[in-house]
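# Coordinates in review
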Amino acid sequence: MRGEPKHRISERALRVWRIDGMISSCVYWLGFFVVLGLTFAFHWPYWISMVTFVLSVFATYLLVWLFPALRWKRWRYDVHEHEIEVQHGIYVIKRTIIPMVRVQHVDMKQGPLLRKYRLATISIWTAATVHEIPALDVEEAEALRDRISVLARMADSDE
Amino acid sequence: MNKPRRLHPIASLIYFIKMVREWIIPFVVVLVFGKNNHPSFLGLKWVGVSIVLLMSLIVGIASWYRFTYRIEQGELRIEYGVFVRKRRYIPQENIQAIHISSGIVQRLFGLVKLQIETAGGNQEAEAVLTAITREEAERLRVLLLQDEFSVEKESTEALLCYKAAYKDLLIAASTSGRLGIVLSAIGALFSQFDEWIPYEAIFRKLRQFVHLDAVLLIVAAVVVVTLAWFISILIIVVKYRHFTVQRKGKDIIISHGWLEKRQFTIPLAHIQAIRISQNPVRELFGYAAVYIESAGSTFEKDANYSTMLFPLVNMKDINERLETFVPGYTIPFSFISLPRRALPRYLRRVMLFPAICIFIICYFFRPWGYALLLALLPLVWLGYARYKDGGWNIAGCQLALRYRLVTKIIVLLEKQRIQSLERKQSIFQQQKKLATVGVSIRSGLHSKRFSVIDMSENDLCRIEDWYRPSGDIDED
C-alpha cells in the first residue's frame, strides 16, 4: 500500500475558490434581502428573516472558508512514469488511478478568474472518463501537460 | 473493388417510405382534423398531398442514384446527398463493428441493411447501407473487418455456434422482470383512452355480478398483471426468437428476431467487460443472463447499452460457455467477501429512510399501523443479501466484482480494459477502514462504472496494486 499522493495544487487556488464561494453565497444573501423586504412589507414575524440570516451566514462560512480550505487540503496528485494518481473531495475522498496507457489526450484550460491568478486546469481524458487537476500554476500546468502527453505516447508504444 | 457501387434499387423505396413516414403526422392533421371541408379546399388538400408524395418519390430515387460506396486505399468511401453532395471516408481501422439487420421491406426482397459503427464517437460517424444483397453484405463484412489473422483463421477454425432453445427463451422471457415496464405502459395507454372507454359503465355492469368491491379489485388486478406478464413474454419472444451466437475467428456474431431479424458482429477485441445478471427469480432456479459490454455499440441499444450474449444460462454451464465464446473470461470459483463491519452500514443504507417513514405511520395509525413493520423484513433481507453478495476476486489479468441492487450482478473485467480505478472513502468509512471501489470502462460511446461499496481498505489496496502498471514502487 502507498500513502496519498504528494503534490499539491497551487495555493492561489484557495483564493480563486474563495472568490467563487463569495459569488455563490450572494444567492443566499439575495434570498435573505428578499425575505427581509417581504417581512417589512407584509409584517411577517421577525424570526423568519432571523433564520434566513443565520442560514446565509452559515452558507457563506461553508462556501468561503471551510470548503475551499478542506478541498485544498485534500487535493493531491502524482504523475509517475506509468500512472497518474489524483485525490480530491471534501467529505468523501476520491482517489483515482489512471494508467498512462489509458490516457488519450490532455487539455489545458483557463477561465477569466483563473487567468487573473495565473492558474490553469488540466483535463486528462481516457476512453471513458475525464479527470481534472484544477488550479495549477500556469507554467507548472504547461510542463505537466507536456510531460503527461509524452509519457502517454511512450506508454502507448510500449504496449 | 475500386469501382463505386450502388445500393439495391429497392433502397429508393425505403428512402421514400422513410420520408413519407415523417410526413404522416402533418398529413393526418391536415386531412382528418382540418375543419374546413369545402369541396374546392378538399381538392386542394389532395393535390398538396400528391405533390409531397411525388416529391418524396423523386428524392427517394435520386438519393438512391447518388449513393455510391467503394473500398479504396483501406477506406470505405461513401458519396451521397441529393442537394448537397457529401463524402464520408471511413478508414478500415476505425470500424468498430458491423451490424446486419433486415426490416420488413428488406425481407420481402431478400435484402439486408448494413450498419457500420465507427470509433469516431458521434452518431454522424456511422454509415448505413440501406439495402444490399446478403452476399454483398457478407463480402463487405469480411473485407472491412479483416485484420492480420482473422481471414486465415476464419477458414480453418470451426464455427462455434449456440442456439437458444425455445424452452430457454420462454423461461428467460417469463422471468425477465419486464412486467413493471409493460404494466406502466398499459397504464399510460389506458389513461390516454379514458375518454373513449366507458370504464365507469363497465365497472357498474361488473358490480351486478360481483358484489364485493375488494374482490372485484383483486380480480381486476390479477387479470391486468397476468395480461401484462403475457405481453412482456410476447415482446421478448418476438425480439429474441431464433437467438444464435456464433464465433467466427475473432468475431462474435449474434443474431435474433422474429419479425425483424437483426445481426450484430462484435469483434472480441472490442469487448470491455462481461456482465452476468441474476434477478431473484432466476437466482432461485440457478439461471443467469449474460451481457457483453462493448465499445461503440450504438445500434443494439437496450436500456444499459449492452448486448445480450446468452438470454438464459444455467450457472453450472456458464464458464464452459464463456470459455467457448469469450475466451479469457471466467467466473471465479470463490469471491472474497466484505468484512463483517460493513454489515451494519449495508443494513442502515437500505433501511434507514423506510424505517423512519414506517415508524411515523405506525405512530399515527395505531394499532393497524404496526402491520407495516412486516414491510421491514424484506428490507432486512435485501440489506443482508447486498452485504453477503458484495465481493471481489483477482485471477491473473481478470478482476471480478460481485454486487447486488436487487438483481445480483457479477462483472468480469480485464485489467487493460479498465480505464481508471477509483477509491472513494467518506469520513465514516475511514473510521471503519472501509472504502468503495469504482472501475470505469468504455461502454457504447460513453462510459460505465461498476462499484462495490464498503470493502475492506486492505482489499482495495490489493486491487490498486494489481491495477497499477508500475507494480509497487515508482519514485519520482
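Residues numbered from 1 in each chain as written. Chains lettered and ligands numbered in written order. Predicted model: local features only at pLDDT ≥ 70, side-chain atom pairs only at ≥ 80, totals over all residues.

### What to know about the UniProt feature "transmembrane region" (unreviewed entry) in chain A
Residue and element names in this part refer to chain A. Worth spelling out the cut-off: UniProt positions are given in the numbering used here, feature names are shortened, and annotations may be inferred rather than shown by experiment. A helix here means a DSSP run of H or I that spans at least four residues, while a strand means a run of E at least two residues long, and both kinds are numbered starting from the N terminus.
Under the UniProt annotation, "transmembrane region" (unreviewed entry) lies at residues 21-40 and 46-67. Structurally, residues 21-40 comprises 100% helix and 0% strand, and the distance from its first C-alpha atom to its last is 29 Å. In this annotation, residues 46-67 is assigned 100% helix and 0% strand; the end-to-end C-alpha distance for the span is 30 Å.

### Considerations on unusual backbone geometry
Residues and elements named next belong to chain A. As a reminder of what qualifies: Comment: burial labels come from other C-beta atoms within 10 Å of the residue's own C-beta, placed from the backbone, where a count of 20 or more is buried, 12 or fewer is exposed, and between is partly exposed.
Unusually for a residue other than glycine, His43 sits at a positive phi of about 50 degrees. Tracing the sequence through the fold places His43 in the loop between helix H1 (12-42) and helix H2 (46-74). Residue classification places His43 among the exposed residues on the basis of 8 C-beta atoms within 10 Å.

### Some details on helix H6 (residues 166-174) of chain B
To be explicit about the condition: As used here, the arc belongs to the directions running from the helix axis to the C-beta atoms.
By the burial criterion, the buried members of H6(B) are Leu169(B), Ala172(B) and Ala173(B). Seen from one end, H6(B) has its buried residues packed into an arc of 95 degrees, which puts them on one side.

### Side note on the environment of Phe109(B)
Residue and element names in this part refer to chain B. Tracing the backbone through its elements, the reader meets Phe109 in the loop between helix H3 (104-108) and strand S6 (111-118). A residue is classified by how many C-beta atoms lie within 10 Å of it, and Phe109, with 15 of them, is partly exposed. Between the C-alpha atoms of Phe109 and Ile10, which are 99 residues apart in sequence, the distance is 8.1 Å.

### Observations regarding the domain arrangement of chain A
All names here are of chain A. Operational definition: As used throughout, domain bounds are those supplied by an automatic or database domain assignment. Residue pairs qualify as contacts under a 7 Å threshold applied to their C-beta atoms, which are placed from the backbone. Classes in brief: Ala, Val, Leu, Ile, Met, Phe, Trp, Tyr, Cys and Pro nonpolar; Asp, Glu, Lys and Arg charged; the others, Gly included, polar.
Split into domains, chain A comes out as domain 1 (7-72) and domain 2 (77-158). Just the C-alpha atoms count here: the centres of domain 1 and domain 2 sit 31 Å apart. The interface is formed by eleven residues belonging to domain 1 together with twelve residues belonging to domain 2. Looking at the side of domain 1 that touches domain 2, the elements with two or more residues in it are H1 and H2. Tallied by class, residues from the side of domain 1 that touches domain 2 come to six nonpolar, two polar and three charged.

### Some details on the nonpolar core
Most often, soluble globular proteins keep nonpolar side chains buried together rather than apart. For clarity, the cut-off: In plain words, the nonpolar core is the set of buried Ala, Val, Leu, Ile, Met, Phe, Trp, Tyr and Cys residues that C-beta atoms within 7 Å link up.
With 109 residues, the main nonpolar core has Leu136(A), Ile148(A), Leu114(B), Ile274(B), Val290(B) and Leu412(B) as its most contacted residues. Per element, the largest residue contribution to this core is six residues, and it comes from strand S13 (residues 287-294) of chain B. Not counting the four nearest positions on each side in its chain, Leu412(B) is found in contact with Ala273(B), Ile274(B), Tyr329(B), Ile331(B), Gln398(B) and Ala400(B).

### What about helix H15 (residues 457-467) of chain B?
Residues and elements named next belong to chain B. Within the sequence span of H15, burial applies to Asp459, Leu460 and Ile463. Down the axis of H15, the buried set is contained in an arc of 100 degrees. They therefore lie on one face. Against the buried residues of H15 lie strand S15 (336-337), strand S16 (391-395), strand S17 (398-404), strand S19 (420-426), strand S20 (434-443) and strand S21 (446-456).

### Focus on the interface of chain B and chain A
What counts is decided by this rule: Only strands that DSSP links by at least two bridges are regarded as paired with each other.
Taken together, the contact between chain B and chain A spans 21 residues of the former and 21 residues of the latter. Elements supplying a minimum of two residues to the side of chain B that touches chain A: S19, S20 and H15 of chain B. Take the side of chain B that touches chain A: its biggest share by element is seven residues, from S19(B). When grouped by side-chain class, the residues that make up the side of chain B that touches chain A number six nonpolar, seven polar and eight charged. Looking at chain direction, strand S4 (residues 92-99) of chain A and S19(B) are connected through six bridges and run antiparallel. Following the sheet pairing, Thr96(A) is matched in S19(B) by Glu422(B).

### Overview of the UniProt feature "domain: YdbS-like PH" (unreviewed entry) in chain B
According to UniProt, the positions carrying the feature "domain: YdbS-like PH" (unreviewed entry) are residues 64-141, 240-317 and 392-467 of chain B. Span residues 392-467 of chain B is 21% helix and 61% strand, its end C-alpha atoms 14 Å apart.

### Quick look at the UniProt feature "transmembrane region" (unreviewed entry) in chain B
On the UniProt side, "transmembrane region" (unreviewed entry) is annotated at positions that read residues 12-34, 46-67, 169-190, 214-238 and 346-364 of chain B here. With 100% helix and 0% strand, residues 346-364 of chain B has its two end C-alpha atoms placed 28 Å apart.

### Focus on the sheet that holds strand S5 (residues 95-102) of chain B
Residue and element names in this part refer to chain B. For the record, the criterion: Under this scheme, a helix contributes an axis fitted over its contacting stretch, all axes are lines through C-alpha atoms, and angles between N-to-C directions fall in the 0 to 180 degree range.
Reading across the sheet, the seven strands line up as S7-S6-S5-S11-S10-S9-S8 and stay open at both edges, with antiparallel pairing between neighbours. The sheet terminates laterally at strand S7 (127-133) and strand S8 (160-163), the two strands that pair on one side only. Neighbouring strand axes in the sheet, compared pairwise and without regard to direction, differ in orientation by 15 degrees on average. Where strand S10 (residues 251-256) lies against strand S11 (residues 261-267), six bridges are found, and the strand directions are antiparallel.

### A few points about the sheet that holds strand S5 (residues 103-109) of chain A
Note on sheets: strands pair through backbone hydrogen bonds, and any given pair is parallel or antiparallel. Residue and element names in this part refer to chain A. Across the sheet, three strands lie side by side as S5-S6-S7; this open sheet has antiparallel pairing. Where the open sheet ends on each side, the last strands, each with one partner, are S5 and strand S7 (130-137). In this sheet, neighbouring strand axes are inclined to one another by 20 degrees on average, regardless of whether the strands run parallel or antiparallel. Relative to strand S6 (residues 119-126), S5 is paired through six bridges, and the arrangement is antiparallel. Paired with Met108 across the strands is Ile122, a residue of S6.

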